[in-house]
Amino acid sequence: MPGTYRELPSCSNAQGDELRVETSFDRRFKQLWIAAPNGLYGIESDSGFVSADEQGFLYGSAMIFLFVLAVGAFITVTMKTGAIQTGIGRLALRFRHSGSVLIAILMAVFALGGTAYGMWEETLGFFVLLVPLTLALGYDRIVAVSIIFLGARSGVLCSTVNPFATGVASDAAGISLGEGIGLRFIMWVVLCPISREA
């Protein structure tokens, strides 16, 4: 709201129940010390608000970070052994005359991940795999990016049982997760082929 900003006094200068901010050195040092783990995990307060400054339970967003690290480690190991190049070569050889079928299958897989659990950050490691594959099939790099982006996003757009989107929204609206799932499934079935044609 315009004109409502004001500086808060420090705890040592505040009077009564006035809003205040903690400026002592030990408090600031503690905030600095716990910022990295709290920022990685996120803390969920009793009211359900998630922030690095809350008091309560660890929210658990670190699993995404660890998953991306694990995918990176997996890709590094398989690149060193030559398994990725061999697999990409075999896929390209098998689908050399029907690359569009492989694109449809891959987009359906990403769309399934998107609609089931909101797959997005987890797609990071797949760029390394799909760019060489699409190039081997004679497509441009933008095709690899489109397979991932359009596939995963069309799935998330029609989140059937995605707990991070539909689950939170259903809980906020006070209805069950299954309310309207048929319509969302029909949207998923319609939008996946449309996104493939795009």
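Structural data are supplied above this passage.
This section reports on the structure supplied with the text. Because the structure is predicted, anything quoted here is derived from the model rather than measured.

1. Observations regarding the nonpolar core
Formed by 20 residues in total, the largest nonpolar core has its most connected members in Leu 102, Leu 106, Phe 110, Leu 130, Leu 133, Leu 137 and Ile 147. Every element with two or more residues in this core is listed here: α2 (62-81), α3 (83-94), α4 (99-117), α5 (126-136) and α6 (141-157). Residues contacting Leu 106, with those up to four places away along its chain left out, are Leu 130, Leu 133 and Ile 147.

2. Observations concerning α3
If you check α3, its first and last C-alpha atoms are 16 Å apart, about what 12 residues at 1.5 Å a residue would give, namely 16 Å. Within α3 the residues assigned to the buried category are Ile 84, Ile 88 and Ala 92. One face of α3 carries all of its buried residues, which in axial projection span an arc of 65°. Seen from the buried face of α3, the exposed residues on the opposite side, beyond 90 degrees, are Arg 90, Leu 93 and Arg 94.

3. Side note on the state of the cysteines
Counted according to the given criterion, the structure contains 0 disulfides. Lacking any disulfide linkage, Cys 158 is separated from the closest cysteine sulfur, that of Cys 192, by 6.7 Å.

4. Side note on the side chain of Ser 170
Here Ser 170 shows up in helix α7 (residues 163-173). Apart from residues no more than four positions distant in its own chain, Ser 170 is found in contact with Ile 175, Ser 176 and Leu 177.

5. Describing the side chain of Ser 159
As for its position among the elements, Ser 159 is in the loop between α6 and α7. For Ser 159, the side chain forms a polar contact with the side chain of Asn 162, separated by 3.2 Å. In contact with Ser 159, other than residues within four places in its own chain, are Gly 114, Thr 115, Ala 165, Thr 166 and Arg 184.

6. Examining a nonpolar patch on the surface
A contiguous nonpolar patch, built from Phe 25, Phe 29, Leu 32 and Trp 33 and spanning about 590 Å² of accessible area, is present on the exposed surface. Mapped onto the secondary structure, Trp 33 falls in helix α1 (residues 25-41). Relative accessible area serves as the criterion here: at 66%, Trp 33 is assigned to the exposed category.

7. Some details on the packing of α3 against α5
Close contact between α3 and α5 brings their axes to 9 Å; oriented N to C, the two are set at 40°. In terms of orientation, α3 and α5 fall into the oblique class. Where α3 crosses over α5, the handedness of that crossing is right-handed. Across the interface between the two elements, Ile 84, Ile 88, Leu 91 and Ala 92 of α3 pack against Leu 129, Pro 132, Leu 133 and Ala 136 of α5. Taken together, the residues that form the contact of α3 with α5 break down as 8 nonpolar, no polar and no charged.

8. A word on α4
An ideal rise of 1.5 Å per residue puts 27 Å on 19 residues; α4 measures up with 27 Å between its terminal C-alpha atoms. Of all the positions in α4, only Gly 99, Leu 102, Ile 103, Leu 106, Met 107, Phe 110, Ala 111, Gly 113, Gly 114 and Thr 115 are classed as buried. Buried-residue contacts for α4 involve α3, α5, α6 and α8 (181-197). Positive backbone phi, approximately 70°, marks Gly 118, located one or two places after α4.

9. Looking at the packing of aromatic side chains
A full pass over the atoms with the stated rule returns 6 aromatic pairs. Between Phe 110 and Phe 126 the ring centres are 5.3 Å apart and the planes differ by 85°, which places this aromatic pair in the edge-to-face class. Linking Phe 110 in helix α4 with Phe 126 in helix α5, this pair joins segments that are 16 residues apart in sequence. Through a chain of ring-to-ring contacts, three or more aromatic side chains come together here, namely Phe 25, Phe 29 and Trp 33. Here the basic side chain of Arg 153 rests over the ring of Trp 120, its NZ or CZ set 4.0 Å away from the ring centre.

Cut-offs used in this document
- Residues numbered from 1 in each chain as written.
- Predicted model: local features only at pLDDT ≥ 70, side-chain atom pairs only at ≥ 80, totals over all residues.
- Heavy atoms only, no water.
- Core = buried A, V, L, I, M, F, W, Y, C linked by side-chain atoms within 4.5 Å.
- Buried < 20%, exposed > 50% of the residue type's maximum accessible area, 1.4 Å probe, protein only.
- Helix = DSSP H or I, 4+ residues; strand = E, 2+ residues; numbered from the N terminus.
- Contact = heavy atoms within 4.5 Å.
- Expected span 1.5 Å × (residues − 1).
- Arc of directions from axis to C-beta.
- Disulfide = S-S within 2.5 Å.
- Polar contact = N/O pair within 3.5 Å; in protein donor to acceptor, adjacent residues only side chain to side chain.
- Patch = residues over 30% accessible without salt bridge, like charges linked within 9 Å, V, L, I, M, F, W, Y side chains within 5 Å.
- Areas by Shrake-Rupley, 256 points an atom, 1.4 Å probe, with all protein chains shown as cover.
- Salt bridge = Lys/Arg side-chain N within 4 Å of Asp/Glu carboxyl O.
- Axes fitted to C-alpha atoms, helices over the stretch in contact; angles between N-to-C directions.
- Parallel < 35°, antiparallel > 145°, perpendicular 65-115°, else oblique.
- Left-handed = near helix turned anticlockwise from the far one by under 90°.
- Nonpolar A, V, L, I, M, F, W, Y, C, P; charged D, E, K, R; others polar.
- Phe/Tyr/Trp six-rings, centres within 6.5 Å; stacked < 30°, edge-to-face > 60°.
- Lys NZ or Arg CZ within 6 Å of the ring centre and 35° of its normal.

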